[in-house]
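The chain contents come next:
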Amino acid sequence: MLLKTVPVILFVGAAAFVTSSTVRVTRAAKVPVVTVHAKDFAFDAPKTIAPGMTSFKLVNDGKALHHLQIIKLEEGKTFADLQAAMKVQGPPPKWLVAVGGPNAAVPGGTVEATLNLEAGNYVLMCFIPSPGDPTPHFMKGMVQPLTVSATGGVTQAGSESIET
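Residues numbered from 1 in each chain as written. Predicted model: local features only at pLDDT ≥ 70, side-chain atom pairs only at ≥ 80, totals over all residues. Heavy atoms only, no water.

Trainee: Lay out the overall build of the protein in plain terms, naming residues and giving numbers.
Mentor: For the protein, the count of helices and strands is two helices and 11 strands. Counted from the first residue to the last, the protein has its helices and strands arranged as α-β-β-β-β-β-α-β-β-β-β-β-β. The buried share of the protein, reckoned over its 164 residues, is 30%. Long-range pairs, those at least 24 residues apart, make up 68% of the contacts in the protein with a sequence separation of at least 6. (Helix = DSSP H or I, 4+ residues; strand = E, 2+ residues; numbered from the N terminus. Buried < 20%, exposed > 50% of the residue type's maximum accessible area, 1.4 Å probe, protein only. Contact = heavy atoms within 4.5 Å.)

Printed below as a string of structure tokens:
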């Protein structure tokens with residue numbers, strides 16, 4: 001009798017498990033991708049993006065090595081304040097805060113970095129100097145303001161994933 005009962009119990013248990021199980025489908029968060037083109041010596045990038053997780057894709061269209069550093073301007077400072085501060089000798093102002101960004105990309109190369117940006121004023125800068133010239137590229141024009149604001153932004157699709 002026990003040999004007949006065990007298979008029935010296993011079958012009923014398996015049927016109950018299968019009917020009570022559900023397949024869970026979730027969507028991965030869509031992380032916007034902001035593409036920045038580096039040239040000798042300028043950036044081609046959006047002026048305004050939305051706050052939150054953002055992937056920055058640096059495409060080096062120039063003939064020199066370039067990178068992208070994102071600097072936050074704190075205390076309500078603006079790009080004009082940064083331009084004025086760059087004319088003064090001495091250490092950088094304390095209201096400049098390095099946030100991060102993609103590492104250097106060789107000419108024709110592409111690199112990415114994902115950052116979480118809060119609303120505020122930022123600048124995009126390249127600190128790399130040219131061979132034989134100690135002047136950093138931002139002093140040659142590779143500096144651009146970036147506003148992170150909830151009222152504007154770049155929207156690009158991310159990918160979806162399905163979990164079971």
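Trainee: Explain the pattern of salt bridges to me, and be specific about the residues and the numbers.
Mentor: Any two side chains of opposite charge can pair, on the condition that their charged atoms come close. Under the counting rule described, the total for this entry stands at two salt bridges. The salt bridge involving Glu118 is made with Lys72; its shortest N-O contact spans 3.4 Å. Separated by 46 residues along the polypeptide, Glu118 in the loop between strand 7 (110-117) and strand 8 (120-125) and Lys72 in strand 5 (residues 69-73) bring together distant segments of the chain. Of the charged contacts, one joins Lys140 and Asp133 as a salt bridge, the two residues approaching to 2.7 Å between their closest N and O atoms. Lys140 sits in the partly exposed class, given a relative accessible area of 31%. In this structure Asp133 comes out as partly exposed when scored by relative accessible area, which is 24%. (Salt bridge = Lys/Arg side-chain N within 4 Å of Asp/Glu carboxyl O.)

Trainee: Could you give an account of the side chain of Asn60, naming the residues involved and the relevant values?
Mentor: For Asn60, the position within the fold is in strand 4 (residues 52-60). Within the structure, Asn60 has its side chain in polar contact with the backbone oxygen of Ala105 (distance 2.7 Å). Excluding its chain neighbours within four sequence positions, the residues that come into contact with Asn60 are Ala38, Leu65, His66, Ala105, Val106, Pro107, Gly108 and Gly109. (Polar contact = N/O pair within 3.5 Å; in protein donor to acceptor, adjacent residues only side chain to side chain.)

Trainee: A description of the side chain of Ser55 should follow, citing residues and the corresponding values.
Mentor: Here Ser55 shows up in strand 4. Overall, Ser55 belongs to the buried group, its relative accessible area being 8%. Side chain to side chain, Ser55 and Thr114 meet in a polar contact 2.6 Å long. Ignoring anything within four residues of it in the chain, the contact list for Ser55 reads Val31, Pro32, Val33, Val34, Glu112, Ala113 and Thr114.

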